[in-house]
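Notes for the structure review
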Amino acid sequence: MKVRSVVISSLVVQIKQTYARNMYKFCLLVSPLMSTILLAEMYRNSEHDNFTSYIVLGAGLMSLWGCICFSSAGDINRERYSNTLSLIFISPSSFQAILFGKVIGNTILSLFSVLLTAVYSFVLYRQPIVIENMPMFLVSFLITIISFMVFSIFVAYILVLSRRTEILMNCIDVPLILVCGFVFPIEVLPMWTQYISKAFPMTWSIKLMRQSIMSPSVDGDFFISMTYAIGTIIVYALLSNLLYKLIAKRVRIEASLEMA
Amino acid sequence: MSIIEVRDLYRDYVTKKGVVFPKKEVIHAVSGITFDVKEGEIFGLLGQNGAGKSTTIKILITMLAPTSGECRVLGYNTYGEEKKIRHRINFIFGGELGVYRRLSARDNLRYFANLYKLPMGDRDKRIDELLELVGLSDKADLRTETYSKGMIQKVQIARGLINNPEILFMDEPTVGLDPLAAQTLRNIIRLLKEQGKTILLTTHNMYEVDELCDRVAIINKGKIVTLDTPNNIKAQMEENEEIQKHLEQVKLKEAENLSRITLEEAYIQLVRSSVDKEAKNES
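For clarity, every value in this text was computed on a predicted model and none was experimentally measured.

1. Some details on the interface of chain A and chain B
Reports of interface size often rely on the accessible area that becomes lost once the parts have come together. Every contact between the two is made by 32 residues of chain A and, on the other side, 32 residues of chain B. Both faces considered, chain A and chain B share a buried interface measuring about 2900 Å² in area, 61% of it formed by carbon and sulfur atoms. Ionic pairing is found between lysine 16 of chain A and aspartate 107 of chain B, a salt bridge with its closest N-O pair at 3.0 Å. Our count for the contact surface shared by chain A and chain B stands at 14 residue pairs in polar contact (both at pLDDT 80 or more). Of all elements in the fold, only helix 1 (2-19), helix 4 (51-81), helix 5 (84-89), helix 6 (95-125) and helix 11 (220-254) of chain A reach the threshold of two or more residues within the side of chain A that touches chain B. By residue number, the principal contributor to the side of chain A that touches chain B is helix 1 of chain A, which donates eight residues. Taken together, the residues of the side of chain A that touches chain B sort by class into 13 nonpolar, 10 polar and nine charged.

Below is the structure:
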């Protein structure tokens, strides 16, 4: 009951704090428009003609990742600069519950950017948004949201430990879009990067979404992707738990909760 | 009974300088201090900037790990048994940080009330009481980014009292407060002492220490120079020749100013009477 109250109140504070920032409003409202136009122009003369799969979904995921990733990262740093990171860290509530609430808050807000992408795509390009297997698409979308959240929590813990949050975020922002196949299938990448791709839960969940958009039936490949997606989500959740145990001690030894 | 025990405490900070071949630099913030704080006592840590006061407080509130030595609060080790301590203590840091600036004072307090697991039924009543105590009731629903430094400090004070802590740690709590607000805080500290709370505070303000503290430890370069009651410390130093000379000069000056009130007293009277006038006019 009390954990739920901590998660909900952290979620509410996160949404209130985040939405009050003009830069976030830009990420939420303008960035999806830019991603949609950019991807539509990129794919205009390509052989791939699945509008929903590569333009709507690609732009939506780019915006979702941008909002979740930069908001989670930026927030840790903002909390550090305003000295509230140390306050929440040493409160009697579990820091894991607090961070979970914050990530859910970010995700709820960021989902709006996915919806906007679909609206922008339809209004600008007048192309129908076709989803061949709606029930499986919804399941895949849920798995994708969970994979983003689990990965965000994992990254956020690293950011609590390090003061160099902006560098880290800029290093992973675009590479992750490319490596996880947000805007094109990972099969077009060299083999060695495909191995890296497969280590991220988003790669598998995005593959699932694409399969459900393009194919009305569910085959064995779909369930293999789903197994990998759920498996990597569990691995990241366990890694995050281990990482938390490590950082709970390290941040107090290295005094990284506050700015030096 | 000792409620805070610090034994042979050391804390170093390790920093790295340089990019290609970074060099480690070790700063000894606290170098082997030992002291106890009794239940219901107001204990002061005095010292210059960088003396190790804030580091000591941060270790006691479980924010930092000691490099060596041991700190026990309410009988529990601050590094390893922090979960048994955190809900029973709280802290107030000076300065204008430590609040969510895009939230109102009320929302800030509501959030920390949840983090400190206050029962829902008591939460809003407690927040109203604290806002009243620090004098922010009428501005409680404005975003704190519109607040002055002193008002933010008041939010910090209210946040520090949200869980009705058994021990309150205060790190230069009057920094940024105007004399009137500083006096209000001193009154709050006295009130807390009457309620049997234990308070450990650091300050540069000698008047504050003299007025409030039961005992004081003076820290210099991470080591305790002396630990006693303010009166005993003063008595120890009265025989010092240099201090005697200085005292004579001070006494001469004081004799000149004997009939005058201090600027602080004048300021407080003026502000109070203007507030009273406004209140009368409004009624």
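Moving on, there is more to tell.
2. Re the state of the cysteines
All names here are of chain B. The final tally for this structure, using the stated rule, is zero disulfides over all chains. Distance from the sulfur of cysteine 213, which forms no disulfide, to the nearest cysteine sulfur (cysteine 71) is 19 Å. Judged by relative accessible area, cysteine 213 falls into the buried class, the value being 7%.

3. Focus on the sheet that holds strand 3 (residues 42-47) of chain B
All names here are of chain B. One open sheet holds the six strands; their spatial order is 6-7-8-3-9-10, and the pairing between them is mixed. Strands with a single pairing partner mark the edges of an open sheet, and in this sheet they are strand 6 (89-93) and strand 10 (223-228). Averaged over neighbouring strand pairs, the angle between their axes works out to 15° when direction is ignored. Summarising the sheet, strand 6 and strand 7 (residues 167-171) pair through five bridges and their orientation is parallel. Considered in strand 7, the bridge of phenylalanine 93 is made with aspartate 171. Across the face of the sheet, helix 7 (residues 230-237) comes into contact with strand 9 (215-220) and strand 10 while running at roughly 105° to strand 10.

4. Thoughts on the domain arrangement of chain B
When the domains of chain B are assigned, the result is domain 1 (2-237) and domain 2 (238-283). Computed from C-alpha atoms alone, the centre-to-centre distance between domain 1 of chain B and domain 2 of chain B is 28 Å.

5. Some points on the pattern of salt bridges
Residue and element names in this part refer to chain B. Taken as a whole and judged by the stated rule, the model has 24 salt bridges over all chains. The closest approach of N and O atoms between arginine 215 and glutamate 41, which form a salt bridge, is 2.5 Å. Taken together, the residues span a long stretch of sequence, with arginine 215 in strand 9 and glutamate 41 in the loop between strand 2 (23-38) and strand 3 at a distance of 174 residues. For the pair arginine 215 and glutamate 41, one class covers both residues: buried.

6. Quick look at the packing of aromatic side chains
Following the criterion strictly, the structure yields 18 aromatic pairs over all chains and no others. When the centroid spacing of 6.1 Å and the interplanar angle of 10° are considered together, the rings of phenylalanine 137 of chain A and phenylalanine 141 of chain A count as stacked. With phenylalanine 137 of chain A and phenylalanine 141 of chain A both in helix 7 (residues 134-161) and four residues apart, the pair spans about one turn of that helix. A relative accessible area of 13% means that phenylalanine 137 of chain A is categorised as buried. Each residue in the set Trp65, Phe148, Phe151, Phe154, Phe182, Phe200 and Tyr236 of chain A is aromatic and connected to the rest through ring pairs, giving one cluster. The aromatic ring of tyrosine 19 of chain A is capped on one face by lysine 25 of chain A, whose charged end is 5.2 Å from the ring centroid. A cation over an aromatic ring shows up here: arginine 159 of chain B above the ring of phenylalanine 91 of chain B, its NZ or CZ 4.9 Å from the ring centre.

7. What to know about the pairing of strand 8 (residues 198-203) of chain B
All names here are of chain B. Within strand 8, six of the six residues are buried, leaving the element largely enclosed by the surrounding structure. Alternating residues of strand 8 divide into Thr198, Leu200 and Thr202 and Ile199, Leu201 and Thr203, and every residue in both groups is buried. With five bridges connecting them, strand 3 and strand 8 associate as parallel partners. The residue bridging phenylalanine 43 from the neighbouring strand is leucine 200, located in strand 8. As paired elements, strand 7 and strand 8 share five bridges and run parallel to each other. Within strand 8, the residue paired with aspartate 171 across the bridge is threonine 202. Traced from strand 7 through helix 5 (residues 179-194) to strand 8, the parallel crossover comes out right-handed.

8. A few points about the environment of lysine 102 of chain A
Here lysine 102 of chain A shows up in helix 6. Exposure remark for lysine 102 of chain A: the relative accessible area of 8% places this residue in the buried category. Linking lysine 102 of chain A and valine 12 of chain A, residues 90 residues apart in sequence, is a C-alpha distance of 8.2 Å. Apart from residues no more than four positions distant in its own chain, lysine 102 of chain A is found in contact with Ser10, Leu11, Gln14, Glu79 and Ile88 of chain A together with Tyr100 and Tyr111 of chain B.

9. Considering the nonpolar core
Ranked by size, the top nonpolar core spans 148 residues in total, and within it Phe182 of chain A together with Phe169 and Leu200 of chain B carry the most contacts. By residue number, the principal contributor to this core is helix 7 of chain A, which donates 14 residues. If near-sequence neighbours (up to four positions away) are discounted, phenylalanine 169 of chain B is found in contact with Ile4, Ile57, Leu60, Ile61, Val73, Ile89, Asn90, Phe91, Ile92 and Leu200 of chain B.

10. Description of the environment of glycine 50 of chain B
Residues and elements named next belong to chain B. Its place among the elements puts glycine 50 in the loop between strand 3 and helix 1 (53-60). We classify glycine 50 as exposed; its relative accessible area is 75%. Separated by 171 residues in the primary sequence, glycine 50 and lysine 221 have C-alpha atoms spaced 7.2 Å apart.

Criteria and thresholds
Residues numbered from 1 in each chain as written. Chains lettered and ligands numbered in written order. Predicted model: local features only at pLDDT ≥ 70, side-chain atom pairs only at ≥ 80, totals over all residues. Heavy atoms only, no water. Contact = heavy atoms within 4.5 Å. Buried area = accessible area lost by both parts, 1.4 Å probe. Salt bridge = Lys/Arg side-chain N within 4 Å of Asp/Glu carboxyl O. Polar contact = N/O pair within 3.5 Å; in protein donor to acceptor, adjacent residues only side chain to side chain. Helix = DSSP H or I, 4+ residues; strand = E, 2+ residues; numbered from the N terminus. Nonpolar A, V, L, I, M, F, W, Y, C, P; charged D, E, K, R; others polar. Disulfide = S-S within 2.5 Å. Buried < 20%, exposed > 50% of the residue type's maximum accessible area, 1.4 Å probe, protein only. Pairing = 2+ DSSP bridges. Axes fitted to C-alpha atoms, helices over the stretch in contact; angles between N-to-C directions. Domains from an automatic or database assignment. Phe/Tyr/Trp six-rings, centres within 6.5 Å; stacked < 30°, edge-to-face > 60°. Lys NZ or Arg CZ within 6 Å of the ring centre and 35° of its normal. Right-handed = clockwise from strand over helix to strand, strands pointing away. Core = buried A, V, L, I, M, F, W, Y, C linked by side-chain atoms within 4.5 Å.

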